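Structural overview
Residues per chain are reported as follows:
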Amino acid sequence: GQQWVLAALFYKQALLPLWSHLYHPQGAKGCGRFQTKVTLAKRMIQSLCLPISCKLYILADSWYWSKELALTCRKYGYHMISQLKSNSVVWIQVKRTPVKELASRTSAFREVSVFLYGKNKTLKIAKFIALVKGLGPIAVVIVKEKRKKTRYLVSTNFLLPALEVVKFYAHRWKIEQMIKDLKQQLGLGDYQ
């Protein structure tokens, strides 16, 4: 299959595709100079020219979370919300802490009901402020849902409430739907 790096602008309930680039793994023949997915995402952010200044959140899956991309977002006045891999480690109160360890701090969680992905859901969420060297404070939001894997979200806007981080990240699903449409309706899935 192919791997596409895509950028889209989501406003209210509209999703507008802005930029796409076919990702080629390192060493692929005849594909030109290799660029990582993070490098491609940085190019997308750098090329984004909005006619007015506005609060913008870059939503990305766990493949894109990096200090490098978060710093690029900050340079342009944007915040990033992404997902951490379950083996990620953060610094909390000068202690190196695996995010899985944070998930075991049951007293930090509160139960919330929220409408996500077209359904009412009951979640347990907790927010921790962590530090990333060279980036500064971030929010780590842990989301637990019955019969689902625990999710570890990260936001460069550490002041954003945990529930808002969850709601913003849920909008990323629209991008997955857009990818499916591009592959099925516009033939990007058949491109070789």
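Further up the page is the structure itself.
Residues numbered from 1 in each chain as written. Predicted model: local features only at pLDDT ≥ 70, side-chain atom pairs only at ≥ 80, totals over all residues. Heavy atoms only, no water.

1. Here's the deal with the environment of Ala 108
As for its position among the elements, Ala 108 is in the loop between helix H3 (99-103) and strand S7 (110-116). Ala 108 gets classed as partly exposed once you look at its relative accessible area, which sits at 34%. C-alpha separation for the pair Ala 108 and Pro 161, spaced 53 residues apart in sequence, amounts to 14 Å. With near-sequence residues (within four places) excluded, Ala 108 lies in contact with Ile 125, Ala 126 and Phe 128. (Helix = DSSP H or I, 4+ residues; strand = E, 2+ residues; numbered from the N terminus. Buried < 20%, exposed > 50% of the residue type's maximum accessible area, 1.4 Å probe, protein only. Contact = heavy atoms within 4.5 Å.)

2. Some details on a positive patch on the surface
A cluster of like positive charges, contributed by Lys 119, Lys 148, Lys 149 and Arg 151, occupies part of the molecular surface. Here Lys 149 shows up in the loop between strand S9 (136-144) and strand S10 (151-155). (Patch = residues over 30% accessible without salt bridge, like charges linked within 9 Å, V, L, I, M, F, W, Y side chains within 5 Å. Areas by Shrake-Rupley, 256 points an atom, 1.4 Å probe, with all protein chains shown as cover. Salt bridge = Lys/Arg side-chain N within 4 Å of Asp/Glu carboxyl O. Lys, Arg positive; Asp, Glu negative; His and termini not counted. Charge placed at Lys NZ, Arg CZ, Asp CG, Glu CD.)

3. Focus: a nonpolar patch on the surface
Together, Ile 129, Phe 158 and Leu 159 make up an exposed nonpolar region whose accessible area comes to about 290 Å². Along the chain, Leu 159 turns up in the loop between S10 and helix H4 (162-170). Using a relative accessible area of 66% as the deciding quantity, one classes Leu 159 as exposed.

4. With respect to the pattern of salt bridges
Enumeration according to the criterion identifies 5 salt bridges in this entry. With its nearest N and O atoms 3.1 Å apart, the salt bridge here joins Glu 68 to Lys 42. Residue Glu 68 is located in helix H2 (residues 67-75), and its partner Lys 42 is located in helix H1 (residues 37-47); the two are separated by 26 residues in the primary sequence. Residue classification places Glu 68 among the partly exposed residues on the basis of a relative accessible area of 40%. Across the pair Lys 95 and Glu 101 runs a salt bridge, and its minimum N-O distance is 3.6 Å. According to the relative accessible area criterion, Glu 101 is partly exposed, its value standing at 30%. Salt bridges sharing partners connect three or more residues here, namely Lys 95, Glu 101 and Arg 105.

5. Some remarks on helix H5 (residues 173-185)
Taking 1.5 Å per residue, 13 residues should reach 18 Å; H5 reaches 18 Å between its end C-alpha atoms and fits that length. Of all the residues in H5, the buried ones are Ile 175, Met 178 and Leu 182. Buried residues of H5, seen end-on, are gathered within an arc of 55° and therefore sit on one face of the element. Turned more than 90 degrees from where H5 packs its buried face, Gln 184 and Gln 185 sit exposed. Packed against the buried residues of H5 are strand S1 (3-11), strand S2 (14-23) and strand S3 (57-59). (Expected span 1.5 Å × (residues − 1). Arc of directions from axis to C-beta.)

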